[in-house]
Amino acid sequence: MIYQIGTATVSRKNVRKFWLKLHLAIALTAGLILVILGLTGSCNVFYFELGEFGLPVPIATQSSQPTLDDIMETVKSANPQRSGSWVMVLPGYQSDYLWVGYPKPDETKDELFAPLEILVDPYSGNIVSEHFWGQTFLSLIYELHADFLTGKFGADVGEIGFKIVSFFGAFLFISCLSGIYLWWPRGGKLKQALTVKLGSSPQRFYFDLHKTAGIYGSALLLFIAFTGFVFGYDNYVKPLVSFFSPVKPDHLKEPKLNSNITGGQPISIVQAVAVADKVFPNAELRGISTPDGKEGVYMVAKRQAGEANRRRPRSKVWIDQYSGMVLAVQDPNRFTTGETFFNLLWPLHDGQVLGIAGRILWCVSGFAPLILYVTGILRWMQKRTAKKLMYSGLNP
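These numbers come from a predicted model, not from an experiment. (Residues numbered from 1 in each chain as written. Predicted model: local features only at pLDDT ≥ 70, side-chain atom pairs only at ≥ 80, totals over all residues. Heavy atoms only, no water.)

(A) The arrangement of a positive patch on the surface in detail. Together, Lys 13, Arg 16, Lys 17, Lys 21, Arg 186, Lys 383, Arg 384, Lys 387 and Lys 388 give the surface a local cluster of positive charge. Elements with a minimum of two residues in the positive patch: α1 (12-44) and α12 (368-394). Mapped onto the elements, Arg 186 comes out in the loop between α5 (155-183) and α6 (190-193). The class of Arg 186 is partly exposed, set by a relative accessible area of 34%. (Patch = residues over 30% accessible without salt bridge, like charges linked within 9 Å, V, L, I, M, F, W, Y side chains within 5 Å. Areas by Shrake-Rupley, 256 points an atom, 1.4 Å probe, with all protein chains shown as cover. Salt bridge = Lys/Arg side-chain N within 4 Å of Asp/Glu carboxyl O. Lys, Arg positive; Asp, Glu negative; His and termini not counted. Charge placed at Lys NZ, Arg CZ, Asp CG, Glu CD. Helix = DSSP H or I, 4+ residues; strand = E, 2+ residues; numbered from the N terminus. Buried < 20%, exposed > 50% of the residue type's maximum accessible area, 1.4 Å probe, protein only.)

(B) Summary view of the pattern of salt bridges. A complete count under the given rule lists ten salt bridges for this structure. Across the pair Glu 111 and Lys 152 runs a salt bridge whose closest N-O atoms are separated by 3.5 Å. One end of the pair, Glu 111, is in the loop between β4 (98-102) and β5 (116-120); the other, Lys 152, is in the loop between α4 (137-147) and α5, with 41 residues separating them in the sequence. What makes Glu 111 buried here is its relative accessible area of 16%. By sharing partners, the salt bridges in this structure join Glu 111, Glu 143 and Lys 152 into a single network.

(C) Molecular detail of the packing of aromatic side chains. Applying the stated criterion across every chain yields a total of 24 aromatic pairs. An angle of 50° between the planes, with centres 6.4 Å apart, marks the rings of Phe 173 and Phe 226 as tilted. One end of the pair, Phe 173, is in helix α5; the other, Phe 226, is in helix α7 (residues 202-244), and 53 residues separate them in sequence. Accessibility expressed as a relative area gives 32% for Phe 226, which makes it partly exposed. With 5.3 Å between their ring centres and 85° between their planes, Phe 243 and Phe 244 make a pair best called edge-to-face. A connected cluster of aromatic rings, assembled from ring pairs, spans Phe 148, Phe 167, Phe 168, Phe 171, Phe 229, Tyr 233 and Tyr 236. Taking NZ or CZ as reference, Arg 82 lies 5.7 Å from the ring centre of Tyr 102, over its face. Stacked on the ring of Tyr 233, the Lys or Arg Lys 163 has its end atom at 4.9 Å from the ring centre. (Phe/Tyr/Trp six-rings, centres within 6.5 Å; stacked < 30°, edge-to-face > 60°. Lys NZ or Arg CZ within 6 Å of the ring centre and 35° of its normal.)

(D) Structural detail: the packing of α7 against helix α11 (residues 355-365). At a minimum axis distance of 10 Å, the contact between α7 and α11 shows a crossing angle of 90°. Here α7 lies roughly perpendicular to α11, going by the angle between them. Within the contact between the two elements, α7 uses Leu 220, Leu 221 and Ile 224 and α11 uses Leu 361, Trp 362 and Ser 365. Among the residues making up the contact of α7 with α11, the classes are represented as five nonpolar, one polar and no charged. (Axes fitted to C-alpha atoms, helices over the stretch in contact; angles between N-to-C directions. Parallel < 35°, antiparallel > 145°, perpendicular 65-115°, else oblique. Contact = heavy atoms within 4.5 Å. Nonpolar A, V, L, I, M, F, W, Y, C, P; charged D, E, K, R; others polar.)

(E) How the structure looks around the environment of Val 241. In this structure, Val 241 sits in helix α7. Relative accessible area serves as the criterion here: at 14%, Val 241 is assigned to the buried category. With 96 residues separating them along the chain, Val 241 and Thr 337 place their C-alpha atoms 9.2 Å apart. Discounting chain neighbours no more than four positions away, the residues touching Val 241 are Val 247, Gly 338, Phe 341 and Phe 342.

(F) Geometry of unusual backbone geometry. Of note in the backbone geometry, Gln 94 takes a positive phi value of approximately 70° without being a glycine. With respect to the secondary-structure elements, Gln 94 resides in the loop between β3 (87-89) and β4. On the accessibility criterion, Gln 94 (11% relative accessible area) is buried. For Phe 148, which is not glycine, the phi dihedral falls at a positive 60°. Here Phe 148 shows up in the loop between α4 and α5. Using a relative accessible area of 25% as the deciding quantity, one classes Phe 148 as partly exposed.

(G) Main features of the layout of surface pockets. Estimated volume of the second largest pocket: approximately 1,300 Å³. Surrounding the second largest pocket, 42 residues form its lining, Leu 20, His 23, Leu 182, Phe 207 and His 210 being those nearest its centre. Contributions of two or more residues to the lining of the second largest pocket are made by α1, α5, α6, α7 and α12. (1 Å grid on protein atoms, 1.4 Å probe; cavity = no way out; pocket = protein on both sides within 12 Å on 5 of 7 lines; lining within 4 Å. Points joined across faces, edges and corners; volume = space filled by probe spheres on them.)

(H) Spatial organisation of α4. Taken residue by residue, α4 has Leu 138, Ser 139, Ile 141, Tyr 142, Glu 143, His 145 and Asp 147 as its buried positions. On its buried face, α4 is in contact with α1, α2 (47-51), β6 (127-132), α5 and α10 (345-350). Positive backbone phi, approximately 60°, marks Phe 148, located one or two places after α4.

(I) Geometry of the pairing of strand β8 (residues 297-303). Among the seven residues that make up β8, seven are buried, leaving the element largely enclosed by the rest of the structure. Because side chains alternate across β8, one face comprises the buried residues Val 297, Met 299, Ala 301 and Arg 303, and the other comprises Tyr 298, Val 300 and Lys 302, equally buried. Sheet topology places strand β7 (residues 284-289) next to β8; five bridges connect them, and they run antiparallel. Counted as the bridge partner of Gly 287 is Ala 301 from β8. As judged from the six bridges shared by β8 and strand β9 (residues 315-320), these two strands associate in the antiparallel manner. Bridge assignment links Met 299 to a residue of β9, and that residue is Trp 318. (Pairing = 2+ DSSP bridges.)

This is the structure in structure tokens:
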């Protein structure tokens, strides 16, 4: 088939050759990095479950359970030097323990992201684990996926590393698209293109495994690649999305709010949650941020029915720590289509959008780049060997 592009004439063979060369170039230059990102991403999907691996399952007792204020008091007593804001993520999704984080401890303040993580038994209120991010094998895997561990060399260096990782999403996206083009069956051979022929030669087996793993894996890898790219380059994507649907410049960013320090004694965490319950009465409590200093505010996160982001939902209420007055509300049900698009990026990246089934699928898809890389390299080496033999036969 011949394509007419302007004054140039391009054959299908030349088009295919172009995509094949591009596909190969990405594999040879970025393939190994994509393998690492895929494997670490598979691990990160179950970060919280793996973080609790080996710990005893919390068991509810007949005695009264500690309140969130009691738990926070225990955590603060164990860390009296830390006077800033604490973040509490409740159990019930991805974890059995209550995870309490201190975002910017002095010990790791120069790093891009290295909070103190504390796991608390929600029934006894006892601290069962405490560590800094990046000082456990699991968090190192996560950081390798996020910024190639560059965050440990400072926030500025870490931001560059994060941008580089995000840009590899573009490589993966193009690789998937080119692979789909090269896979596309012609002449009614769809069944053959979707299966691996058993009992075939090694050359045919590698080829079949490569094309089938690629076409099945691409169904999810395209979402993962695209969302990963947007994480680092959302400022470039927002204008494009805003052309179709408005997106606020500060969308999903924490508002800068202060409490009125003349308001008397601070309210408790339980009281702050009660205020948020009135704003989102039928939503599940998922997290709380305590005030950062005397002028700080409470942030209470709840999950409304249907929210795709299950662990860290976007239904949020910011509350004056003295008067209990609602200072700001974020309601995903009021997002524009464009804002909803950005709100879905994270649950689309880690599979939360489809619940546990989605997370398992996303985890499995993380092994696809490894299969594709190994089979692709083997197939490329086979072709190179065949060409050498052919040329050596022509030139004895």
